[in-house]
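Architecture and fold: a report
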Amino acid sequence: MRNKIIVGNWKMNNSSSESLELVKKINDLVVWKSDVEVVVCPPSVYIATTVKEIKGIKGCQIKVGAQNGHFESKGAFTGEISCAMLIDVGVEYVVVGHSERRQYFGETDEVVNKRALCAIKSGLTPIVCVGETLAERENSITEEIIRKQVKLILNGISENEIEKVIIAYEPIWAIGTGKTATNEQANEVCKSIRNLVYELYGEKVSEAIRIQYGGSMNGENARELLSQSEIDGGLVGGASLKAEEFSKIVNSAHNDNN
Ligand code: 13P
């Protein structure tokens, strides 16, 4: 059975004191069990302090991720942060190809592929995001779009490396809109991603790889979404900024709850 993974993508939110307060509260409210991994992704300037704070909280099992990582190890890339730097400050995961990066910063599947490859080679676990627009869903080309994205992003990732990858299905129309994909819609796309991984890497890998859903997940809808057979976790935006909501999502992900 695949362990679930709940990731809080804080995006460009929280001050340093709010970040620290949030992890403390999450730790108080979450029921820690080994079947669910919990990750928070603070803005890059707060990553190091968040790692330090978590280490100082007794029994806290929150891991830290970054919202982005560059594909070169160092050099003249103003404003970017390398995967080696992320590792250096205690980061274990990195989100790559979030739709907001694609929309506002022009990231293409090719760039996302380079970031994912570099993350793996550096020892980070990439959380690669894919998703369709509302127009694409309405034109019934969701599966085609998602297959194309996944294929391009996984290009060059070997069978040994792929198990380290987490794929996040985030329909763009469900992000920050309060509109969640139905359980069936989310499960169907996650299933088609798993089928593609089967075609590319075979059964063992397709059964092992974890596929998350993201898009207006909250304390109310998480249990149903997370009980779907193909959904192995959540990539959570807005609700990850509220300790009560986020902890509710984490607690509903335990095996005995879904
Ligand atoms: P919301 O949960 O706010 O819809 O954001 C989802 C997301 O983009 C997580 O990466």
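These lines cover the structure that appears in this document, whether it is placed above or below. Remember, predicted model here, so these are calculated numbers, not experimental data.

Details of the nonpolar core
Counting 66 residues, the largest nonpolar core has Ile 6, Ile 157, Ile 167, Ile 193 and Tyr 213 as its most contacted members. Here this core takes 7 residues from helix α9 (residues 183–201), the largest share from any one element. Val 39, Val 95, Ile 127 and Ile 166 belong to the second-largest nonpolar core, a separate cluster that totals 11 residues.

Brief notes about the packing of helix α1 (residues 16–29) against helix α12 (residues 243–252)
How two helices pack is summed up by the angle between their axes together with the distance between the axes. Look at α1 against α12: their axes get within 9 Å of each other, and the N-to-C directions meet at 40°. Relative to α12, α1 is oriented oblique. Relative to α12, the crossing made by α1 is right-handed. Between α1 and α12, the residues in contact are Leu 22, Lys 25, Ile 26 and Leu 29 and Ala 243, Glu 244, Phe 246, Ser 247 and Asn 251, respectively.

With respect to unusual backbone geometry
Of note in this structure, Lys 11 is not a glycine but carries a positive phi near 55°. Within the fold, Lys 11 resides in the loop between β1 (4–9) and α1.

Re the pairing of strand β7 (residues 210–214)
With respect to burial, β7 is a largely interior element, 5 of its 5 residues being buried. Residues Arg 210, Gln 212 and Gly 214 point to one face of β7 and Ile 211 and Tyr 213 to the other, with burial holding for every one of them. Of the strand pairs in this sheet, β7 and strand β8 (residues 233–236) are connected by 2 bridges, and their pairing is parallel. Following the sheet pairing, Tyr 213 is matched in β8 by Gly 234.

Focus: α9
Look at α9: 26 Å from first C-alpha to last across 19 residues, which is about the 27 Å you get at 1.5 Å a residue. Looking only at α9, the buried set comprises Asn 183, Ala 186, Asn 187, Val 189, Cys 190, Ser 192, Ile 193, Arg 194, Leu 196, Val 197 and Tyr 201. Downstream of α9 by a residue or two, Gly 202 has a phi angle that is positive, lying close to 95°.

Quick look at the pairing of strand β4 (residues 93–96)
Side-chain alternation along β4 places Tyr 93 and Val 95 on one buried face and Val 94 and Val 96 on a second face that is also buried. Relative to β4, strand β3 (residues 63–66) is paired through 2 bridges, and the arrangement is parallel. Looking at β4, one finds that Ala 66 is bridged to Val 94. Between the parallel pair β3 and β4, the chain is carried across by helix α3 (residues 83–88), and the sense of this crossover is right-handed. With 4 bridges connecting them, β4 and strand β5 (residues 125–130) associate as parallel partners. Each bridged residue has a counterpart across the sheet, and for Val 94 the counterpart in β5 is Pro 126.

Re the side chain of Ser 247
Along the chain, the position of Ser 247 falls in helix α12. Since its relative accessible area comes to 2%, Ser 247 is described here as buried. Among the polar contacts listed, one links the side chain of Ser 247 to the backbone oxygen of Ala 243, at a separation of 2.6 Å. If we ignore the near neighbours within four places in the chain, the residues touching Ser 247 are Ile 26, Leu 29 and Val 30.

Notes on the pattern of salt bridges
Here the structure, examined in full by the defined rule, presents 19 salt bridges. A salt bridge links Glu 80 to Arg 115; its shortest N-O distance comes to 3.4 Å. Here the residue Glu 80 occupies a position in the loop between β3 and α3, and Arg 115 occupies one in helix α5 (residues 109–122), the gap between them amounting to 35 residues.

A closer look at the site of the ligand
Contacts to the ligand come from 13 residues, most closely from Lys 11, His 98, Gly 176, Ser 216 and Gly 238. A distance of 2.8 Å separates an oxygen atom of the ligand from a polar side-chain atom of Lys 11. Residue His 98 places a side-chain N or O atom 2.8 Å away from an oxygen atom belonging to the ligand. Protein chains shield 95% of the accessible area of the ligand, which is 310 Å² for the free molecule.

About the cut-offs
- Residues numbered from 1 in each chain as written.
- Predicted model: local features only at pLDDT ≥ 70, side-chain atom pairs only at ≥ 80, totals over all residues.
- Heavy atoms only, no water.
- Core = buried A, V, L, I, M, F, W, Y, C linked by side-chain atoms within 4.5 Å.
- Buried < 20%, exposed > 50% of the residue type's maximum accessible area, 1.4 Å probe, protein only.
- Helix = DSSP H or I, 4+ residues; strand = E, 2+ residues; numbered from the N terminus.
- Axes fitted to C-alpha atoms, helices over the stretch in contact; angles between N-to-C directions.
- Parallel < 35°, antiparallel > 145°, perpendicular 65-115°, else oblique.
- Left-handed = near helix turned anticlockwise from the far one by under 90°.
- Contact = heavy atoms within 4.5 Å.
- Pairing = 2+ DSSP bridges.
- Expected span 1.5 Å × (residues − 1).
- Right-handed = clockwise from strand over helix to strand, strands pointing away.
- Polar contact = N/O pair within 3.5 Å; in protein donor to acceptor, adjacent residues only side chain to side chain.
- Salt bridge = Lys/Arg side-chain N within 4 Å of Asp/Glu carboxyl O.
- Near = heavy atom within 4 Å.
- Areas by Shrake-Rupley, 256 points an atom, 1.4 Å probe, with all protein chains shown as cover.

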